[in-house]
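Chain residues, written in single-letter form:
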Amino acid sequence: MNDISQTQFVAIRDVELAFIDAGEGPVMLFLHGFPFDKSMWDGQIKALSAAGFRAVVPDLRGLGETKAAGEISTMDDMARDAAALLDHLQIDEAIVCGLSMGGYVAFEFAHLFPSRVRGLVLSGTRAPADNEQEKAGREQQVQTMLRAGMVPISIATLPKLLAERTRADKPDVVKRVRTMITLSNPKGAAAAQRGMTARRDYTEDLTNTNVPTLIIVGREDPIRPVSDAEFMHERIRNSRLEIIEDAAHMTNLEQPEVFSDALVSFLNELTH
Ligand code: MLT
């Protein structure tokens with residue numbers, strides 16, 4: 001259970017869910033972004049284990065080692081899978097941390113299971129739903145994935161996912177992100193992309209959020225810019241905003257120490 005590399009599997013709802021369960025103590029549920037997988041949280045899992053916390057980290061359906069169950073994987077599906085995983089592990093409540101798509105899943109999780117959420121971390125995400133142009137862009141990406149696989153997606157998105165400085169100075173991070181994207185299953189990624197297209201507007205959820213919330217954003221994120229984070233911060237009453245310098249969308253990989261320190265401080269405040 002404490003070996004960070006040890007992936008476990010459990011049959012949950014209509015999928016065989018891959019996950020990592022590492023460390024001991026109050027639980028943080030990590031929800032990865034798109035089209036990534038649970039390995040993006042390795043640095044945070046190590047940092048939390050060392051600080052006396054437990055990390056539960058699923059591969060959301062269609063990504064990593066969890067297969068999709070159909071042509072669309074909704075945010076609701078993914079949130080229900082995560083809750084079923086907590087049931088399986090006999091965990092009542094968690095602090096829920098989502099990045100980007102994982103943030104949409106965190107909103108859905110908090111909406112469906114409010115009593116199970118002790119705190120929220122929303123990173124590189126946003127509350128409003130997509131407009132028609134954004135929805136059309138997602139459908140175009142789905143067609144590209146299904147026709148040509150994930151390489152064109154990695155070529156098109158890497159410059160937006162990582163800050164200029166990361167791309168110049170951290171080739172290992174560039175490689176990790178590229179590898180996660182290119183190893184994603186195109187059908188699974190397409191199902192998740194369709195799920196994001198169909199997601200609802202979470203703006204009203206913001207004012208209903210009563211748990212302590214940490215909002216994290218990369219100063220240079222062109223995908224979910226600082227203004228999206230400020231929008232959430234203005235509406236979630238018990239929230240704090242952390243802007244990470246020299247990072248774009250993949251804040252936890254680009255500046256892992258800064259990100260993990262912010263998580264551990266937040267967890268310590270919430271649980272001690
Ligand atoms: C992500 O990183 O999860 C995606 O950029 C989210 C999105 O496309 O809205």
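Residues numbered from 1 in each chain as written. Predicted model: local features only at pLDDT ≥ 70, side-chain atom pairs only at ≥ 80, totals over all residues. Heavy atoms only, no water.

Caption draft 1: Spatial organisation of the overall build of the protein chain. Helix and strand counts for the protein chain stand at 12 helices and eight strands. Since a compact globule built from 272 residues should have a radius of gyration of about 19 Å, the 17 Å found for the protein chain is in line with a globular shape. Principal-axis analysis of the C-alpha atoms gives the protein chain an extent of 50 × 40 × 40 Å. Taken over 272 residues, the protein chain has a buried fraction of 54%. Across the protein chain, the fraction of contacts at a sequence separation of at least 24, relative to all contacts at a separation of at least 6, is 77%. Counting every atom, the protein chain has about 11,300 Å² of accessible surface; 48% of that belongs to carbon and sulfur. In the protein chain, the 29 positive side-chain charges and the 39 negative ones have mean positions that sit 3 Å from each other. (Helix = DSSP H or I, 4+ residues; strand = E, 2+ residues; numbered from the N terminus. Rg over C-alpha atoms; globule rule 2.2 N^0.38 Å. Buried < 20%, exposed > 50% of the residue type's maximum accessible area, 1.4 Å probe, protein only. Contact = heavy atoms within 4.5 Å. Areas by Shrake-Rupley, 256 points an atom, 1.4 Å probe, with all protein chains shown as cover. Lys, Arg positive; Asp, Glu negative; His and termini not counted. Charge placed at Lys NZ, Arg CZ, Asp CG, Glu CD.)

Caption draft 2: How the structure looks around the pairing of strand 2 (residues 15–23). Summarising burial for strand 2: eight of the nine residues are buried, a large majority. As paired strands, strand 1 (residues 8–12) and strand 2 are joined by five bridges and run antiparallel to one another. Looking across to strand 2, one finds that valine 10 is bridged to leucine 17. Between strand 1 and strand 2, which pair antiparallel in sequence order, lie two residues; one of them, arginine 13, sits at a positive phi of approximately 50 degrees. Strand direction decides the pairing type here: strand 2 and strand 4 (residues 54–58), joined by five bridges, are antiparallel. The partner of phenylalanine 19 across the bridge, within strand 4, is proline 58. (Pairing = 2+ DSSP bridges.)

Caption draft 3: Structural view of the environment of isoleucine 95. Note that isoleucine 95 resides in strand 5 (residues 94–99). In this structure, the C-alpha to C-alpha distance between isoleucine 95 and leucine 270, residues 175 residues apart in sequence, is 9.0 Å.

Caption draft 4: Representation of helix 5 (residues 151–161) within the structure. Turning to helix 5, its buried residues are Ile153, Ser154, Thr157, Leu158 and Leu161. Each buried residue of helix 5 lies within a common arc of 125 degrees when the element is viewed along its axis, so the set occupies one face. The inward-facing, buried residues of helix 5 abut helix 4 (132–148), helix 6 (164–169), helix 7 (171–183) and helix 11 (251–254). (Arc of directions from axis to C-beta.)

Caption draft 5: Representation of the side chain of aspartate 130 within the structure. Here aspartate 130 is to be found in the loop between strand 6 (117–123) and helix 4. Relative accessible area serves as the criterion here: at 8%, aspartate 130 is assigned to the buried category. At 2.9 Å, the side chain of aspartate 130 forms a polar contact with the side chain of arginine 126. With residues near it in sequence (within four places) discarded, aspartate 130 still touches Lys135, Arg138, Met196, Thr197 and Arg199. (Polar contact = N/O pair within 3.5 Å; in protein donor to acceptor, adjacent residues only side chain to side chain.)

Caption draft 6: Molecular detail of helix 3 (residues 101–112). Here helix 3 contains 12 residues, and its C-alpha end-to-end distance of 17 Å stays within 8% of the 16 Å for a straight helix at 1.5 Å per residue. Extensive coverage of helix 3 is indicated by the burial of nine of its 12 residues. When we look at burial in helix 3, the residues that qualify are Met101, Gly102, Gly103, Tyr104, Val105, Ala106, Phe107, Glu108 and Phe109. (Expected span 1.5 Å × (residues − 1).)

Caption draft 7: Layout of the nonpolar core. With 89 residues, the main nonpolar core has Met101, Phe109, Val177 and Met250 as its most contacted residues. Those residues in contact with methionine 250, other than ones at most four positions away along the chain, are Phe36, Met40, Leu99, Leu161, Leu162, Val177 and Met180. (Core = buried A, V, L, I, M, F, W, Y, C linked by side-chain atoms within 4.5 Å.)

Caption draft 8: Quick peek at the sheet that holds strand 1. Taken together, eight strands build an open sheet; the order of strands is 1-2-4-3-5-6-7-8 and the sheet is mixed. The open sheet has two free edges, formed respectively by strand 1 and strand 8 (239–244), since each of these has just one partner strand. In this sheet, neighbouring strand axes are inclined to one another by 25 degrees on average, regardless of whether the strands run parallel or antiparallel. In the packing of helix 1 (residues 42–50) onto the sheet, contacts are made with strand 2, strand 3 (27–31) and strand 4, and the angle to strand 2 comes to roughly 45 degrees. Helix 12 (residues 256–271) contacts strand 3, strand 5, strand 6, strand 7 (213–218) and strand 8 of the sheet and is inclined by roughly 160 degrees relative to strand 6. (Axes fitted to C-alpha atoms, helices over the stretch in contact; angles between N-to-C directions.)

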